Amino acid sequence: MSKQKSKLQTYQRPFKLSHQVLCVTSINFARKALMGYVELLVQPRRPDLKTIKVNSKQSRICKVCVNDIEATFQYHDPSLDLTQRDPDARNLEFLRNCHSAAVDIVDPDTGYHGEVTIRLPQEVMKIVKEQKPLRVCMDFTLEDPKGGLQFVVPDVEGTSSEKAMHLFTYGYENSARLWFPCIDTYSELCTWKLEFTVDVTMTAVSVGELVETVYTPDKKRKTFHYILTVPTSAPNIGLAVGPFNIIVDKHMHEVTHFCLPQLQPLLDHTTQTCYEMFEFFEEILGFPFPYSCYKQVFVDEAYAEVTQYASLGIFSTNLLHSKAILDQTPRTRRQMAKMISDQFFGCFMARESWNDLWLPLGISAYLHGLWIKHTFGNNEYKYWISSETSALCDYETNVQPVTLCFSEDADFSDPANRSQRNPHTMSPKCYEMVERKSHLVLRIIEQCVGPHLLLQAFNKLLCLANTSAQQKVPNSTWVQMLLSTESFLKSINTVSGKNIDHLMDRWVYRNGVVNFFGRFTFNRKRNAVELEVKQEVDGKGIKRYVGPLTIRIQELDGPFTHTIQIEENNTKHDIQCHSKARRNKKKKIPLLNGEETDIDLSAMDPDSPVLWLRIDPDVSIIRTVNFEQPDYMWQYQVKFERDICGQSEALSILPHYPSPATRKAVTDVLENEKYFYRVRMEAAYSMTRIANSMVSSWAGPPAMLNLFTRLFFCESNPPIVRMNNFSNLQQYFIQKTLPMAMSKLRDGNATCPKEVLHFIIDLIKFNDNTRNKVSDNYYRSSLLDALSNAITPAMTATGQKVTLESLSPDTRLILEELTRFLNLEKLLPSYRFTVTASALRALRKLQKTGHLPPYAALLRSYAVYGFFIDIRLAAIESLVDMLSSSNIPEEFDWLLDLCINDPLPEVKWKVLKGLTANPPFTKSDTSSPLNTAYFVEKLWTLITKTTFYDSRMRCEAIDLYGILFSTSRPRCLPAKEKKSLYSITSHQSDGRSSYQSTQNKLKRTASTTLSGNSQDELKMRIKFQSASVDEPETGLDNADVIAAQSLLSLSNSEIPSRPATPGADHTSNQGDPSSRAGAGNRDASADRNRHTGEIGFGGKEKRKKKKHHKHKHKHKHREGEWSSPASSYVDSPMAFANPDSPKAM
């Protein structure tokens, strides 16, 4: 295993963090700002330690002290501008290299890295040599954060409680640095003390145990004191502040639930089964919950539906529901259960390095799967496994292969491997697939060692971690709380005595999935099945499989399982049958679940006892299977197979064999209530495909119409739809699915039959939910979706203008129903506005098919901030779809502006995600009006500068850029000018687009020099030498030197601006809060560009020169230089909120 150990696991920092204090002294919701300080107790590991590197983004570091002695520090964040080395480059491969390098330069896991470099004062060097603890204190402020901390301040009248103002933390993997200075890595554990001072009407909820709440003397504010004695990493520290309603779980008093005002009844119902989840996980793991308490906070405008922290879960309020909502209940419970499993593996036991990310993801998902099986049944669990496998195989074969853990000999020249080394350079979709594959690999390991032994291995890991956590003094035992591939394999080997290196090599260290193709013939003389199994190994994401493979044959005497060995790409196997053919002998046939049933054998070969055959029936391999067998075998399989994966497999194949026998087999599944409801739902869509294939020979009413009438109509003449009664959940889901499936029926002219269209409209008109105990909003939404599916392209003459009079009667009827629903929703909104979202999608379908003219203004009015997020996302989805056909530059520009300026992080990401899934044009479409230099520049700036605070957005934008403009320089741009790397020249703007003029406002003028003195340009020097932690001159590492070198290639006009140095003379409006607020956009822009990674060259000589500077006017200093104690104070965002602040006087 030592050969496979990643290089990322070998680095050790020159100090150990043992304890950290985080204190937020003031929060200003009006200005979206907070102020506080951190204290880090650092234990040096080397006597020659000269610098300490800390992670921090967005925050303004006001002052740094080491053992109460003020220290100088330096800030460098290459992610603020990824392409400083070559600002004119528009090459995607170059961008990806810059992105990967920028992430590595500040990643504490890959070396002695961090955005903030603190030089230890000479006064503490004696303590360092004695290797005694150091106390590093950092004062910081954070104003208008772009990521990591979300302020929700509704623009309504009322007090802070009435407006439900609140804030909460969020982030993509290790993003704690976005809201407080820390060592932002999962591998640096320490104990914590946390203090948060908030308004008296607010409640601060954080990790750990609340020890006390102290009021200020004026009773206007209070301070919450939390302690976390379990060693925890900074990324698992979270916070939520707001006027929350508090509910203590009546079954488990250690569990507390928080929600915003007016939502407590929903919170009561949503969390009523939470205690059962704790009991389940504690029972199967044989280990108690690792923290002394647990808190669930439901907030608005969440970054994701769930965000996990140590002993704290932050959920979206959209997960709350009442007992009248059916569809949301299982979704919310799944999310809460996943959060609790993440507390064991992910928070209490975190990964040791990025290379071990697959372990907490996979173990948590595996435990979550066991809960799904326990709660929703084995069929639901198997269906989930099958869908996860299909999604992963589709991604690996069509997009890119997924590697879970890289060995030392991994080829990182491959861009896919290079991007997967770190979640911050990984596509969000790829990250999702890593989680799925991790779970499926844990299932493969479970089948090898056994479920009980695997759980014992988890228990051993937890027990070792718990013993390690009891050690109050930091030592090497805390490493037992970190999950590594090596420790996991050791635990598996200790508990089971089995070596699973072959599984690790096949599924963890290598990417790809397996693709099987099989067929068989029956040998009558030998009464044996001659099976041929082939592997396709030439395709993308496909790999060769060598090992055992399970075959299950359903014979007349029952199902029989066989295991064959796959050694070659094409193998043939003879499998002896246990049954013999029957001739005119009636006997019940045993099925997989022990049931015996009568089967009509007239369709099968009278000499063969084989009813059907399946490859890998339990989905024990990450694979795709294409199997050939006669149509009657698929018909037997869908009707009599008792494994839902087999039924689902048959339903996907049967539409390729349209015949009356196939139609009857699928109809039998649809009508039989004993079948699993998801299988019946799939059968409905399968019947649609069969009916469309048999349209010329179909006799009788449209498919499934009689079935729906028989199930859900009164026995009257004419039939009338019954009042809704959703007490039977299986029937409820079938009632939703059948109209959706019928709406996809097409006649010989490829249009929806009028009988079906009017049937769906009647269902909408006569829907009656007055006596139903539960809401019908999801049912009404599904009817509108069915109405949308029934819309087919309009038959209009070329150039004919669409008017109200020219609409067909059916189109007018549809439009009236949609308008009625949209107006009704404003008066009586449905849960999560599901009806409005479906109506918007239907309107877009009318536009797309030519029944209505494209009108983007209506959709844009629903996409703006202020509407419920589901409505906004439906409108944005429609706008993206409209853009792909209209190619209007203004619409594309509007969507990109939404990515930049929208207050909701989820909306920004979903816009990019929608454009990636449905791009308006591709790199081959050079004639598109959107394929212009303006959009190249706008998207490039969005990637390189704007999205520095959110890796999820940045990676999604990179994917979009690759789809639109390819990996090389876009053709719409002029050829790149060749110029010297070290030339310091003024960049001449060519004025090609409004983008250039906009960006020039953010740049210094050409006359402004790097240091404010034109002579200083000639004095710049770079020392090309190896830097280390004990370097006394600069404390810069190699990455800093390289960044400094790249900065020299910037022209004067392209050096980002920064706000004036605190303490210098400011303009007269600084002390005026109103004028300060009026300049909010300018200040925010300046804050984003404040720390630009500028490095002070020859810093020692420049400081000596400044010492003899006699005249009294004040200078600006560059952020890259070491800050001096005299200039370390930074203008606080609380200056106008706190009258005692020195800046307010």
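Because the structure is predicted, anything quoted here is derived from the model rather than measured.

(A) Structural detail: the nonpolar core. Counting residues in each nonpolar core, the largest one holds 191 residues, and the members touching the most others are F180, L367, F458 and F488. Broken down by element, this core gets its largest block of residues, 10 residues, from helix 10 (residues 428-449). Counting residues in hydrophobic clusters, the runner-up holds 124 residues, among them M681, F713, F759 and L852.

(B) Expanded view of helix 25 (residues 869-886). Its 18 residues give helix 25 an end-to-end C-alpha distance of 25 Å, which sits within 8% of 26 Å, the value for a rise of 1.5 Å per residue. In terms of residue burial, helix 25 counts as a mostly covered element, since 13 of its 18 residues are buried. N887 occupies a position one or two residues after helix 25 and carries a positive phi of about 55°.

(C) Region of interest: the state of the cysteines. With the rule as written, the count across this model stands at zero disulfides. Lacking any disulfide linkage, C65 is separated from the closest cysteine sulfur, that of C137, by 6.1 Å.

(D) Summary view of the pattern of salt bridges. Inspection of every chain in the model, using the stated rule, returns 53 salt bridges. Salt-bridge contacts for D897 lead to K938; the nearest nitrogen and oxygen are separated by 2.4 Å. Of this pair, D897 sits in helix 26 (residues 889-901) while K938 sits in helix 28 (residues 933-946), and the two are 41 residues apart along the sequence. Looking at D897, the relative accessible area reads 27%, which means it is partly exposed. Taken together, the shared-partner salt bridges in this structure form one network comprising K382, R614, E641, D643 and E649.

(E) Up close: empty space enclosed by the protein. Tallied over the full model, the rule gives eight cavities of 30 Å³ or more. If you add up the space inside the largest cavity, you get close to 260 Å³. For the lining of the largest cavity, the secondary-structure elements that each account for two or more residues are helix 1 (92-105) and helix 29 (951-965). A total of three residues in the lining of the largest cavity trace back to one element, the largest contributor, which is helix 1. Its residues assigned to classes, the lining of the largest cavity comprises eight nonpolar, eight polar and five charged.

(F) Layout of helix 26. Over its 13 residues, helix 26 extends 18 Å from the first C-alpha to the last, a length consistent with the 18 Å expected when each residue adds 1.5 Å. All of the buried residues in helix 26 are E891, F892, D893, L895, L896, L898 and C899.

(G) Structural view of the packing of aromatic side chains. Within this structure, the stated rule accounts for 46 aromatic pairs. For the ring pair F516 and Y545, a centre distance of 6.0 Å and an interplane angle of 85° mean the geometry is edge-to-face. Highlighted residues: F516 in strand 23 (residues 514-523) and Y545 in the loop between strand 24 (528-535) and strand 25 (547-555), separated in sequence by 29 residues. For F516, a relative accessible area of 0% puts it in the buried group. Summarising the aromatic geometry, the rings of F708 and F712 are spaced 4.9 Å apart at their centres and angled 50° between planes, so their arrangement reads as tilted. Of this pair, F708 and F712 both sit in helix 18 (residues 705-712), four residues apart, which is roughly one turn of that helix. Residue class for F708 comes out buried when judged on its relative accessible area of 0%. Put simply, the rings of F278, F287, F289, Y291, Y294, F344 and F348 touch in pairs and so form one group of aromatic residues. The positively charged end of R820 is found above the aromatic ring belonging to F821, 4.9 Å away from the centroid.

(H) Looking closely at the pairing of strand 27 (residues 570-576). Only one face of strand 27 is covered, namely the one carrying T571, H573 and I575; the face carrying N570, K572, D574 and Q576 has none of its residues buried. Here seven bridges tie strand 24 to strand 27, and the two strands are oriented antiparallel to one another. Among the inter-strand pairings, K534 is bridged to a residue of strand 27, identified as N570.

(I) Representation of the sheet that holds strand 18 (residues 294-299) within the structure. Taken in spatial order, the five strands make up an open sheet running 16-17-18-20-19, and their pairing is mixed. Single-partner strands in this sheet number two, and they are strand 16 (245-248) and strand 19 (306-309). Strand-to-strand, the axes of this sheet are offset by a mean angle of 15°, without reference to chain direction. The pairing of strand 17 (residues 255-259) with strand 18 spans four bridges and is classified as parallel. By the bridge assignment for strand 18, F258 is matched with V297.

Rules behind the numbers
- Residues numbered from 1 in each chain as written.
- Predicted model: local features only at pLDDT ≥ 70, side-chain atom pairs only at ≥ 80, totals over all residues.
- Heavy atoms only, no water.
- Core = buried A, V, L, I, M, F, W, Y, C linked by side-chain atoms within 4.5 Å.
- Buried < 20%, exposed > 50% of the residue type's maximum accessible area, 1.4 Å probe, protein only.
- Helix = DSSP H or I, 4+ residues; strand = E, 2+ residues; numbered from the N terminus.
- Expected span 1.5 Å × (residues − 1).
- Disulfide = S-S within 2.5 Å.
- Salt bridge = Lys/Arg side-chain N within 4 Å of Asp/Glu carboxyl O.
- 1 Å grid on protein atoms, 1.4 Å probe; cavity = no way out; pocket = protein on both sides within 12 Å on 5 of 7 lines; lining within 4 Å.
- Points joined across faces, edges and corners; volume = space filled by probe spheres on them.
- Nonpolar A, V, L, I, M, F, W, Y, C, P; charged D, E, K, R; others polar.
- Phe/Tyr/Trp six-rings, centres within 6.5 Å; stacked < 30°, edge-to-face > 60°.
- Lys NZ or Arg CZ within 6 Å of the ring centre and 35° of its normal.
- Pairing = 2+ DSSP bridges.
- Axes fitted to C-alpha atoms, helices over the stretch in contact; angles between N-to-C directions.

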